[in-house]
Amino acid sequence: MNFKEVLLIVNPISGDIDKQRIINKVKEEVQRRNADFHLYRTTGENDIEKIRKFLDVHEIGRVLVAGGDGTINLVAETIRKYDLPMGIIPAGSANGLALNLELPDELNQQVKIAMGDNFINYDILSLNDTICLHMSDLGINAELIKNYENSNFRGKLGYLIQSIPTLIKSGYPFEFEIQSKGEDREAQAALLGIANANKYGTGANVNPIGRPDDGLFEILIFKRISLGEVLKTLRNETNLDPEFLEIIQTKSAKVICKKPVSFQIDGEYIGEETEIKISILPEKLKIAVPA
Ligand SMILES: Nc1ncnc2c1ncn2[C@@H]1O[C@H](COP(=O)(O)OP(=O)(O)OP(=O)(O)O)[C@@H](O)[C@H]1O
């Protein structure tokens, strides 16, 4: 595919890693294709508006994003009305979306794929009008992300440090009402996931039936915290005990929380919520993936 201009969007702080090597490699590949290279470094403030202004005055043919799931989500929201393909260079602490798309670990290969012609038409979920590409949840994982964001430690170690205090302080199990497919049911859960893909960034395959391009999403009801079952998901075993995890596959749903519960979308803490309206947007996101 030929493009005149390529925009690389980089999150300078994601994953606690230096991005210069990525920037150099992408620039080299773009110039090799005789296209113009543009770089945008996110600031965490009004990035969507600033990037859209840039897109409005340039002939960008491909947007590349180097960051974690939060940055990919931000870029997806920015370009979803522009019909622009996106390429991903995983550069966050967990990289859950990249893991689900089976992107390789090696930078040269990542750049080739991100600039390549093989695409997935990726479903975009809308959760109370905020988009979700990968995984969102209510409960103990969102509490962990909140504690992580309030701490001084970045990267995987930061999550590890926060995991025990989060478990001790959490008020789980939480009580939910789930309205979907004309049914209304009650559920108690430590964590209620809303999934568009199979795996969390840790590699845990919590949603074996999930496909990000099937026009459906899954509600994952983790009824209790079981080390044995968590280990099974880490080993990608799919015969999970229904007493541990129940899955509802659907196109739209509403989740009502009996009390406010911590909520996260694609690894970003949103706040405490009492109601989540979930649907799938009509537009798809075109993401470059391995052949
Ligand atoms: N220049 C910046 N300074 C501070 N924060 C930023 C900057 N640019 C983006 N952010 C923030 O980075 C977050 C997204 O990070 P992302 O999820 O992509 O990476 P991550 O590695 O998963 O994050 P983290 O390192 O926090 O785990 C968003 O909250 C966004 O507001």
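Residues numbered from 1 in each chain as written. Predicted model: local features only at pLDDT ≥ 70, side-chain atom pairs only at ≥ 80, totals over all residues.

The protein chain is annotated in an unreviewed UniProt entry as YegS/Rv2252/BmrU family lipid kinase of Christiangramia oceanisediminis.

**Student:** Before we go on, may I ask you to explain the overall build of the protein chain in this structure?
**Tutor:** Helix and strand counts for the protein chain come out as 8 helices and 16 strands. Here the C-alpha atoms of the protein chain give a radius of gyration of 19 Å, agreeing with the 19 Å that 2.2 N^0.38 yields for 291 residues. Along the first, second and third principal axes, the C-alpha set of the protein chain runs to 55 × 40 × 35 Å. Sequence separation of 24 or more characterises 72% of the internal contacts of the protein chain that already satisfy a separation of 6 or more. (Helix = DSSP H or I, 4+ residues; strand = E, 2+ residues; numbered from the N terminus. Rg over C-alpha atoms; globule rule 2.2 N^0.38 Å. Contact = placed C-beta atoms within 7 Å.)

**Student:** Any chance you could explain the domain arrangement of the protein chain here in plain terms?
**Tutor:** A common measure of how large an interface is: the accessible area buried when the components associate. By the assigned domains, the protein chain splits into domain 1 (5–117) and domain 2 (130–280). For domain 1 versus domain 2, the separation of C-alpha centres amounts to 27 Å. Facing the 16 residues of domain 1 at the interface are 18 residues of domain 2. Every element with two or more residues in the side of domain 1 that touches domain 2 is listed here: α3 (69–79) and α4 (96–100). Top element by residues in the side of domain 1 that touches domain 2 is α3. It accounts for 6 residues. (Domains from an automatic or database assignment.)

**Student:** Can you walk me through the pairing of strand β14 (residues 253–265) in this structure?
**Tutor:** Across a regular strand the side chains alternate sides, sitting on one face of the sheet and then on the other. Taken together, the 3 bridges between strand β8 (residues 135–139) and β14 define a ladder with antiparallel strand orientation. The residue bridging Leu138 from the neighbouring strand is Phe263, located in β14. For strand β9 (residues 174–180) and β14, the ladder comprises 5 bridges, and the chain directions are antiparallel. Pairing of Phe176 across the sheet is with Cys257, part of β14. Note that β14 and strand β15 (residues 268–280) share 9 bridges and pair antiparallel. Paired with Ile256 across the bridge in β15 is Glu275. (Pairing = 2+ DSSP bridges.)

**Student:** Even after reading the chapter, I still don't get the environment of Met135, so can you show me in this structure?
**Tutor:** Structurally, Met135 can be placed in strand β8. Under the C-beta neighbour-count criterion, Met135 is labelled buried, with 28 such atoms within 10 Å. Each C-alpha atom, one on Met135 and one on Leu216, is 13 Å from the other, the two residues being 81 residues apart in sequence. (Buried ≥ 20, exposed ≤ 12 C-beta atoms within 10 Å, placed from the backbone.)

**Student:** Can you help me understand helix α5 (residues 107–114) in this one?
**Tutor:** Residues three or four positions apart in an α-helix share a direction because the helix packs 3.6 residues into each turn. Inspection of α5 places Gln110, Val111, Ile113 and Ala114 among the buried residues, and these make up the whole buried set. Projection of α5 onto a plane perpendicular to its axis shows the buried side chains occupying an angular sector of 165°, all on one side. Of the exposed residues in α5, the ones pointing more than 90 degrees away from its buried face are Asn108 and Gln109. In this structure, the buried residues of α5 make contact with α1 (20–32), β3 (60–67), β4 (86–90) and β16 (285–288). (Arc of directions from axis to C-beta.)

**Student:** I keep staring at the site of the ligand and nothing clicks. Help me out?
**Tutor:** Near the ligand lie 20 residues; those nearest to it are Ser14, Gly44, Gly68, Gly70 and Gly92. Of the residues contributing to the shell around the ligand, the split by class is 3 nonpolar, 13 polar and 4 charged. (Near = placed C-beta within 6 Å. Nonpolar A, V, L, I, M, F, W, Y, C, P; charged D, E, K, R; others polar.)

**Student:** I keep staring at the nonpolar core and nothing clicks. Help me out?
**Tutor:** For soluble globular proteins, nonpolar side chains are generally found buried alongside one another. Residues Ile9, Val63, Leu64, Val65, Val75, Ile88 and Ile89 are the most contacted members of the largest nonpolar core, which totals 73 residues. Among the domains, domain 1 (5–117) and domain 2 (130–280) are the pair contributing at least three residues each to this core. Filtering out sequence-adjacent residues up to four positions away, Leu64 remains in contact with Val6, Leu8, Ile9, Val26, Gly87, Ile89 and Ala114. (Core = buried A, V, L, I, M, F, W, Y, C linked by C-beta atoms within 7 Å.)

**Student:** Can you walk me through the confidence of the model for the protein chain in this structure?
**Tutor:** Close inspection of predicted coordinates is inappropriate in any region flagged by low pLDDT. In the predicted model, the protein chain carries a mean pLDDT of 90, and 93% of its residues have values of at least 70. If you check the scores for this complex, the pTM reads 0.90 and the ipTM reads 0.95. (pLDDT = per-residue confidence, 0-100.)

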